[in-house]
Amino acid sequence: MKRIKIKELLSNSSQYIDTQITLKGWVRTKRGNKHVAFVALNDGSTIHTIQIVLDVAKFSEEQLKDVTTGACIGVTGKLVQSQGAGQSVEIQGETLEVIGVADPETYPLQKKGHSLEFLREIAHLRPRTNTFSCVLRLRHAMAFAVHKFYNDKGFVYVHTPIITGSDAEGAGAMFQVTTLDVSNPPKTKEGAVDYTKDFFGKATNLTVSGQLEGELAAMALGEVYTFGPTFRAENSNTTRHLAEFWMIEPEMAFYEIQDNMDLAEEFLKYLVQYALDNCIDDLNFLNEMYDKELVARLKSVVETPFVRLNYTEAVEILIATKQKFEYKVEWGIDLQSEHERYLVEKHFLKPVILTNYPKDIKAFYMKANEDGKTVRAMDVLFPGIGEIIGGSQREDNLEKLQARCKEVGIHENEIWWYLETRKFGSAPHSGFGLGFERLMLFVTGMGNIRDVIPFPRTPQSAEF
Ligand code: 4AD
Ligand code: MG
């Protein structure tokens, strides 16, 4: 008999009532007595389990003893209205197949309520928990919603390279990609590593952002986006940073900074609304278990217009407050997460889009303002997260961009191809990057970014 998923069964139970069905999944718990066993079965299609009732007389002792927490079983039986409290329907098991045993002595997920830290150590098994199955289903839903949002708007999904010779953010925190023997690399006459002998004939890295290549595509296709893995070798051991994370980067011709902000706000609201509309069971579980404000916070973000504020005004607010910060605030500093969170969580109590940052703390490609000091950057700051989006209008004037490259020490021969879009048919354009795991932190209410990606990569940790 063909297997039915529990989500389908519970969503359409009246259609299946009194019919024979087959389910396959993993045992969450088994309880009962001499006569009857009650098994809570989950198959990952939903947070909910279904109760399987097994009449002990109908099955061999041998078989029943293998039905333990974590074991994989298949059951065929009739769906009936449940006699007991706690569920409306249940399965009266008629045939039982133990597909894979899970030795109770060694299966690590015996009891409920393991700590998130412990679960990180068994990341290969944590999708079996309610928490991680929620997170993974939500992750899928958000990835799907990203594509739906842009597809419905006519944006083109562009695959930008993972291995690159350029440092898009100019931050220098890159992982090198090489096939050279690192213990004995070939050397030039001057004694430097001879990268002409390396696989690509030059030094290469894992990308920190698909933006520069995204811009090339936007100058032909108009509105594009990338959605892929990005890598940062920064030694930030925080609950907000990963060395490998996923980023969504739209890039749009003919958008000024205001249009860019409008799109960012619409996009975030769309994603959050999508989660509320499509994943409410998972959200309710996380709300109950981890964060009693979660669903209310999600709803409030969808309904609230984001505050839009100049960096300079933000600095004035931060200087004027009585609140003590670890890092002193003055015009020109890169705002720390404590500053961002003060603005969002204490001062405005809503998401904030900060614009017009000092040029010295932002990347080389951002469009200069007339004041000569600031650039058309924008960061979107979210409650509980801090920076969730970073973006800007791009410098589209060739001479200004060349001058800026010179100032920050980027050689033209490294990014001649990028400069050529400003030489041939240049146009105003803008874009931004949404950190997918920062979004997932917000949507799930989880407190640590390591708990919203299946296999986190952080300093000193690349297990699994
Ligand atoms: O602000 P960032 O560095 O901007 C860029 O990379 C631009 N090229 C984006 C663009 O304009 N196309 O990164 C963008 C976002 C941040 O706002 C944050 O959400 C996320 O990426 N992010 C990280 N997420 C997890 N771990 C890290 N180490 C992250 N670094 C950035
Ligand atoms: Mg940023």
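Bear in mind the structure is a predicted one, so any value in this text is a computation, not a measurement. (Residues numbered from 1 in each chain as written. Chains lettered and ligands numbered in written order. Predicted model: local features only at pLDDT ≥ 70, side-chain atom pairs only at ≥ 80, totals over all residues. Heavy atoms only, no water.)

## With respect to a nonpolar patch on the surface
Note the following rule: Patches draw on residues past 30% relative accessible area with no salt bridge. Two like charges within 9 Å are joined, as are two nonpolar side chains (Val, Leu, Ile, Met, Phe, Trp, Tyr) within 5 Å. Accessible surface is estimated by sampling points in the Shrake-Rupley manner with a 1.4 Å probe; for residues, cover comes only from the protein chains shown. Between Lys or Arg on one side and Asp or Glu on the other, a salt bridge is scored when a side-chain nitrogen of the former is within 4 Å of a carboxyl oxygen of the latter. In this description a helix means any DSSP run of H or I spanning at least four residues, a strand means any run of E spanning at least two, and both kinds are numbered starting from the N terminus.
Judged by side-chain polarity, Ile162, Ile163, Phe199 and Phe200 come together as a nonpolar surface patch covering roughly 390 Å² of accessible area. Looking at the secondary structure, you find Phe200 in the loop between strand S8 (176–177) and strand S9 (204–206).

## Description of the environment of Tyr150
Where we set the bar: Burial classes: relative accessible area under 20% of the type maximum marks a residue as buried, over 50% as exposed, and values in between as partly exposed (1.4 Å probe, protein chains only). The contact criterion used throughout is that any non-hydrogen atoms of two residues lie within 4.5 Å.
Relative to the helices and strands, Tyr150 is located in helix H5 (residues 130–152). Overall, the relative accessible area of 0% leaves Tyr150 in the buried class. It is 8.2 Å that separates the C-alpha atoms of Tyr150 and Val224, two residues lying 74 residues apart in sequence. Excluding residues that lie within four positions of it along the chain, Tyr150 makes contacts with Phe155, Tyr225, Ile248, Pro250, Leu263, Phe267 and Phe432.

## Here we look at the sheet that holds S9
Our working definition: A pair of strands counts as paired when DSSP detects no fewer than two bridges linking them.
Sheet architecture is open: three strands sit in the order S7-S9-S8, paired in antiparallel fashion. At either margin of the open sheet sits one strand with a lone partner, and together these are strand S7 (163–164) and S8.

## Quick word on the nonpolar core
Definition in use: As used here, the term nonpolar core means buried Ala, Val, Leu, Ile, Met, Phe, Trp, Tyr and Cys residues forming a set that is joined through side-chain atoms within 4.5 Å.
Counting residues in hydrophobic clusters, the biggest one holds 67 residues, and the most contacted among them are Met142 and Tyr150. Of all the elements, helix H7 (residues 257–278) adds the most residues to this core, at 11 residues. Contact partners of Met142, with chain neighbours within four places excluded, come to Leu271, Tyr274, Ala275, Phe436, Leu439, Met440 and Val443. The next biggest cluster of nonpolar side chains, apart from the first, holds 35 residues, and it includes Met174, Val315, Phe325 and Val344.

## Some thoughts on the site of ligand 1
For clarity, the cut-off: In this text, near means that some heavy atom of the residue lies within 4 Å of the molecule or strand in question. Under the rule applied, a polar contact is a pair of N or O atoms within 3.5 Å (in protein, one hydrogen donor and one hydrogen acceptor; residues adjacent in sequence only if both atoms are side-chain atoms). Polar here means any residue other than Ala, Val, Leu, Ile, Met, Phe, Trp, Tyr, Cys and Pro, which are nonpolar, and Asp, Glu, Lys and Arg, which are charged; Gly is therefore polar.
As a matter of local geometry, ligand 1 sits amid 24 residues, with Glu169, Gln211, Glu249, Glu387 and Ile388 nearest to it. One nitrogen or oxygen atom from the side chain of Glu234 is found 3.1 Å from a nitrogen atom belonging to ligand 1. One nitrogen or oxygen atom from the main chain of Ile388 is found 2.8 Å from an oxygen atom belonging to ligand 1. Of all the secondary-structure elements, those providing two or more residues to the shell around ligand 1 are strand S11 (244–253), strand S15 (386–393) and strand S16 (429–435). Of the residues forming the shell around ligand 1, the biggest block, five residues, is contributed by S15. Taken together, the residues of the shell around ligand 1 sort by class into eight nonpolar, eight polar and eight charged.

## Focus: the environment of Arg341
Along the polypeptide, Arg341 turns up in helix H11 (residues 337–348). Residue class for Arg341 comes out partly exposed when judged on its relative accessible area of 28%. Sequence-wise, Arg341 and Gly386 are 45 residues apart; in three dimensions their C-alpha atoms are separated by 5.4 Å.

## Quick look at the environment of Gly170
With respect to the helices and strands, Gly170 occurs in the loop between S7 and S8. What makes Gly170 exposed here is its relative accessible area of 52%. C-alpha of Gly170 to C-alpha of Ala363: the two residues are 193 residues apart in sequence and 6.5 Å apart in space.

## Observations regarding unusual backbone geometry
In the Ramachandran plot, Asp18 falls in the positive-phi region, its phi being about 65° despite a non-glycine side chain. Secondary-structure assignment places Asp18 in the loop between helix H2 (13–16) and strand S1 (20–32). Judged by relative accessible area, Asp18 falls into the exposed class, the value being 53%. The phi angle at Phe464 is positive, at roughly 75°, despite the residue not being glycine. Tracing the backbone through its elements, the reader meets Phe464 in the segment after helix H14 (436–444). Among the residues examined, Phe464 registers a relative accessible area of 41% and is labelled partly exposed.

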